Amino acid sequence: MKNQALRESRVMVALQSIESGRTKTTTSDWKQALPVLTGSMVTLRELRISDATSLLAMLSTEEVARFISPPPTTVEGFERFIAWTQRERAAGNYACFAVVPHGMNTAIGIFQVRQLEPGFGTAEWGFAIGSAFWGTGVFMDSARMVIDFAFDTIGTHRLEARAAILNGRGNGALRKIGAMQEGILRKSFLRNGEYLDQALWTILDEDWKQHRVVWGARIH
Ligand SMILES: CC(C)(COP(=O)(O)OP(=O)(O)OC[C@H]1O[C@@H](n2cnc3c(N)ncnc32)[C@H](O)[C@@H]1OP(=O)(O)O)[C@@H](O)C(=O)NCCC(=O)NCCS
């Protein structure tokens, strides 16, 4: 049971510069409950047990699960995963947002952020969205809010992501959001009995702020 919970806890963890002199504080509020973040296309909120059915439908398809750690295969498995995400959030180790498009109530994907060191100075993020929503802008809308959350609320300064080299969309999405490819992690991800190479992508908080300025300039 414990092993199963642990395995499910690793689900989809495909999973994933400090301004000099700046002191970062980690707010504890998000550990009580994740904030609700509203974008132009989606709302990000804490996962609910009732999301299990839709997440099973969205994330267990072959095209979604191909390059990520195997998702649960049952509604009960997703329920256990969701309960685990809430415990890990309360412990301050991890945050998992449900992606809910405007006009819907159910989750069509998830964005995860986990600490790579105590205090979240470095963190890793990962994401999966139902394929019906690929190429719609849902990824970019969600990703911007999750990255803001990591840098502004959690106090991360370096956000890492790993994507299997063969995962064209995963790498394309990370490039598009402004992540930098730092290198290749050779044979670092076991999938279907085969070790795959992964690209390591990173975003630093100072780069992200620069990015936001550029976006702001474009918008206004
Ligand atoms: C990763 C994921 C969330 C991205 O969402 P998405 O809606 O597909 O992403 P977008 O369409 O906004 O961006 C993907 C980009 O990669 C590009 N792309 C697609 N296939 C590509 C390929 N084979 N090689 C390079 N780039 C590719 C797309 O053209 C797009 O760029 P564009 O908008 O400039 O045209 C989604 O594909 C997904 O859930 N995949 C399954 C789970 C997964 O692999 N997670 C990532 C683990 S790192």
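Bear in mind that the values here come from a model prediction, so they are computed numbers and not experimental data.

> So what exactly am I meant to see when it comes to the overall build of the protein here?
What the protein contains, in helices and strands, is eight helices and eight strands. Surface exposure of the protein reaches about 10,700 Å², of which carbon and sulfur atoms provide 52%.

> Any chance you could explain the side chain of arginine 89 here in plain terms?
Within the fold, arginine 89 resides in helix 5 (residues 75–90). On the accessibility criterion, arginine 89 (9% relative accessible area) is buried. In this structure arginine 89 touches Trp30, Lys31, Gln32, Ala33, Leu34, Glu46 and Tyr94, once residues within four positions along its chain are discounted.

> Any chance you could explain the site of the ligand here in plain terms?
Within the structure, the ligand sits among 19 residues, and Phe127, Ile129, Asn167, Arg169 and Lys176 are positioned closest to it. With respect to the ligand, the side chain of asparagine 167 contributes an N or O atom lying 2.7 Å from an oxygen atom. Only strand 5 (122–129), strand 6 (158–164) and helix 7 (168–177) provide two or more residues apiece to the shell around the ligand. Top contributing element to the shell around the ligand by residue count: helix 7, with six residues.

> Help me out: how do you make sense of the sheet that holds strand 2 (residues 42–46) in this one?
Where strands meet in a sheet, backbone hydrogen bonds hold them as pairs that are either parallel or antiparallel. The mixed open sheet is built from eight strands, whose spatial order is 1-2-3-4-5-6-8-7. Of all the strands in the sheet, the pair left with one neighbour each is strand 1 (37–38) and strand 7 (180–191). The strands touched by helix 5 are strand 2, strand 3 (94–101) and strand 4 (109–115); relative to strand 3, the strand with the most contacts, the crossing angle is about 125 degrees.

> How do you make sense of the pairing of strand 4 when you look at a structure like this?
Put simply, side chains in a regular strand alternate between the two faces of the sheet. Among the seven residues that make up strand 4, six are buried, leaving the element largely enclosed by the rest of the structure. As paired strands, strand 3 and strand 4 are joined by six bridges and run antiparallel to one another. Looking across to strand 4, one finds that alanine 98 is bridged to isoleucine 110. When strand 4 meets strand 5, the two strands line up antiparallel, connected through seven bridges. Bridge pairing links valine 113 to tryptophan 125 in strand 5. Hairpin connection from strand 4 to strand 5: six residues lie between these consecutive antiparallel strands, with glycine 119 at a positive phi of about 95 degrees.

> Is there a simple way to think about the packing of helix 6 (residues 138–154) against helix 7 in this case?
Between two packed helices, what matters for the description is the angle formed by their axes and the separation of those axes. Close contact between helix 6 and helix 7 brings their axes to 11 Å; oriented N to C, the two are set at 60 degrees. Classified by the interaxial angle, the pair formed by helix 6 and helix 7 is oblique. Seen from above, helix 6 lies across helix 7 with right-handed handedness. Of helix 7, the residues touching helix 6 (which contributes Phe139, Met140, Ala143, Arg144 and Ile147) are Ala173, Lys176 and Ile177.

> Please clarify how the confidence of the model for the protein should be interpreted in this entry.
One rule of thumb: low pLDDT means the predicted coordinates there are not for detailed reading. Across the protein, the average pLDDT comes to 88, with 85% of residues at 70 or higher. The low-confidence segment residues 1–25 (pLDDT under 50) makes 61 contacts with residues lying over four places distant or belonging to another chain.

> Mind showing me how you'd approach the packing of aromatic side chains here?
Between two aromatic rings, the relevant description is the distance of the centres plus the angle of the planes. The final tally for this structure, using the stated rule, is eleven aromatic pairs. Plain terms: the ring middles of tryptophan 30 and phenylalanine 149 are 6.2 Å apart, the flat faces sit at 90 degrees to each other, and that makes the pair edge-to-face. Placement of tryptophan 30 in helix 2 (residues 29–32) and of phenylalanine 149 in helix 6 is noted, with a sequence separation of 119 residues between them. With a centroid separation of 6.2 Å and 35 degrees between ring planes, the pair formed by phenylalanine 111 and tryptophan 125 is classed as tilted. Of this pair, phenylalanine 111 sits in strand 4 while tryptophan 125 sits in strand 5; the two residues are 14 residues apart in sequence, bridging distant segments of the chain. An identical accessibility class is assigned to phenylalanine 111 and tryptophan 125; each is buried. Site record: aromatic cluster; members linked through ring pairs are Trp30, Phe97, Phe120 and Phe149.

Rules used in this analysis
Residues numbered from 1 in each chain as written. Predicted model: local features only at pLDDT ≥ 70, side-chain atom pairs only at ≥ 80, totals over all residues. Heavy atoms only, no water. Helix = DSSP H or I, 4+ residues; strand = E, 2+ residues; numbered from the N terminus. Areas by Shrake-Rupley, 256 points an atom, 1.4 Å probe, with all protein chains shown as cover. Buried < 20%, exposed > 50% of the residue type's maximum accessible area, 1.4 Å probe, protein only. Contact = heavy atoms within 4.5 Å. Near = heavy atom within 4 Å. Polar contact = N/O pair within 3.5 Å; in protein donor to acceptor, adjacent residues only side chain to side chain. Pairing = 2+ DSSP bridges. Axes fitted to C-alpha atoms, helices over the stretch in contact; angles between N-to-C directions. Parallel < 35°, antiparallel > 145°, perpendicular 65-115°, else oblique. Left-handed = near helix turned anticlockwise from the far one by under 90°. pLDDT = per-residue confidence, 0-100. Phe/Tyr/Trp six-rings, centres within 6.5 Å; stacked < 30°, edge-to-face > 60°.

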